[in-house]
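Single-letter residue listing:
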Amino acid sequence: MIQFRNVTLEYPSTHTLALDNLNVEIGDGEFVYLVGHSGAGKSSFMNLILKRALPTKGEVMLAGQPLSYYRGRRTHLLRRRMGMVFQENLLLDHLNAYDNVAFALRVVGVPQREWPQRVTVALRTVGLEHKKYALPMQLSLGEQQRVAIARAIVTDPPLLLADEPTGNLDPDNSREVLKVLQNVHLRGTTVIVATHARDLVETFRHRTLTLRRGKLVRDEHLGGYAL
Ligand code: ADP
């Protein structure tokens, strides 16, 4: 699904080598953690997949196509292949859970008659079908993050990227969010989670990539956290 081929990313403003000749492949339907200290290059890794940054050297491939293929009018094809979840859930305060999730369908032009069924399935996947009329302020932070995950998956992207998705959550809510990400994975979605949450990585074991100063120093298929 995703391939990094000799990928280097240098930020010219500071001459920082954020990623240093990275080679890694993530297959269809994998669940992968990306771990490492602050500054190790996790966000840079995500930003390259999202095409928010371009490699200084090398190539990032998605489904066999270099990301450079997705230019201009093809950019929307790239966005449709990826759902994103961040530390901040970025829900719209004035919309209830249902409308927040439906919003993603509106953006990509899904016909309105399909919305109820698709939103219901997405909210069910995150265990919040019963909260569909709740506004974000009526939900816990963990529930809000689960709505954000529903919004990210309602368009059925083959890839879900989660950047510190439990960064603002207490341990109980963090575990709930991890379980939801695992449910998404069970639907067949490839899931990449950048995280600092050592306890989660130890508890819910999946392939773990460890970055250190921009280099991939560990690729542990049985999971677990070691820095
Ligand atoms: P992480 O997500 O693991 O904390 P980042 O990918 O954000 O790591 O950062 C990797 C390195 O690149 C760090 O040294 C950071 O200071 C640097 N960096 C990140 N973004 C920028 C930027 N926009 N401009 C210059 N340097 C950056």
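As a reminder, the structure under discussion sits directly above these lines.
Predicted model only: the values in this text are computed from it and were never measured. (Residues numbered from 1 in each chain as written. Predicted model: local features only at pLDDT ≥ 70, side-chain atom pairs only at ≥ 80, totals over all residues. Heavy atoms only, no water.)

Moving on: the overall build of the protein chain. Looking only at helices and strands, the protein chain has seven helices and 10 strands in total. Rg of the C-alpha trace for the protein chain: 17 Å, near the compact-globule value of 17 Å for 227 residues, within the 12% margin. The burial tally for the protein chain puts 50% of its 227 residues in the buried class. A fraction of 67% describes how many contacts in the protein chain between residues 6 or more apart in sequence connect residues 24 or more apart. Accessible area of the protein chain: about 11100 Å², with a carbon and sulfur share of 49%. (Helix = DSSP H or I, 4+ residues; strand = E, 2+ residues; numbered from the N terminus. Rg over C-alpha atoms; globule rule 2.2 N^0.38 Å. Buried < 20%, exposed > 50% of the residue type's maximum accessible area, 1.4 Å probe, protein only. Contact = heavy atoms within 4.5 Å. Areas by Shrake-Rupley, 256 points an atom, 1.4 Å probe, with all protein chains shown as cover.)

This part covers the environment of glutamine 87. Structurally, glutamine 87 can be placed in the loop between strand S6 (82-85) and helix H3 (97-107). Once you skip the residues sitting within four places of it in the chain, glutamine 87 turns out to touch Gln145, Asp163, Glu164, Gly167 and Asn168. A polar contact is formed between the side chain of glutamine 87 and the side chain of asparagine 168, at a distance of 3.1 Å. (Polar contact = N/O pair within 3.5 Å; in protein donor to acceptor, adjacent residues only side chain to side chain.)

Let us now look at the site of the ligand. If you check the shell around the ligand, you find 13 residues, and the closest are Gly39, Gly41, Lys42, Ser43 and Ser44. At a separation of 2.6 Å, an oxygen atom of the ligand approaches a polar backbone atom of glycine 39. Between serine 44 and the ligand, the recorded distance is 2.6 Å, taken from a side-chain N or O atom to an oxygen atom. Relative to its free-state accessible area of 560 Å², the ligand is covered by the protein chains to the extent of 63%. Counting residues per element, the shell around the ligand draws most heavily on helix H1 (residues 42-49), at three residues. Residue classes in the shell around the ligand are distributed as three nonpolar, nine polar and one charged. (Near = heavy atom within 4 Å. Nonpolar A, V, L, I, M, F, W, Y, C, P; charged D, E, K, R; others polar.)

Taking 1.5 Å as the rise per residue, helix H6 (residues 171-186) with 16 residues should run 22 Å; its terminal C-alpha atoms sit 23 Å apart, in good agreement. If you follow the buried residues of H6, they end up packed against strand S3 (31-35), helix H4 (115-125), helix H5 (141-153), strand S7 (159-163), strand S8 (190-194) and helix H7 (198-203). Once H6 ends, the next one or two residues include glycine 188, with phi positive near 105°. (Expected span 1.5 Å × (residues − 1).)

Let's shift gears to the packing of aromatic side chains. Applying the stated rule across the entire model yields three aromatic pairs. Aromatic pair phenylalanine 4 and phenylalanine 45: ring centres 4.2 Å apart, planes at 5°, arrangement stacked. Here phenylalanine 4 is found in strand S1 (residues 2-11), whereas its partner phenylalanine 45 is found in helix H1, with 41 residues between them in sequence. No difference in accessibility class separates phenylalanine 4 from phenylalanine 45, as the two residues are buried. Ring plane angle 85° and centroid distance 5.1 Å describe the contact between tyrosine 69 and tyrosine 70, whose orientation is recorded as edge-to-face. Overall, the relative accessible area of 4% leaves tyrosine 70 in the buried class. (Phe/Tyr/Trp six-rings, centres within 6.5 Å; stacked < 30°, edge-to-face > 60°.)

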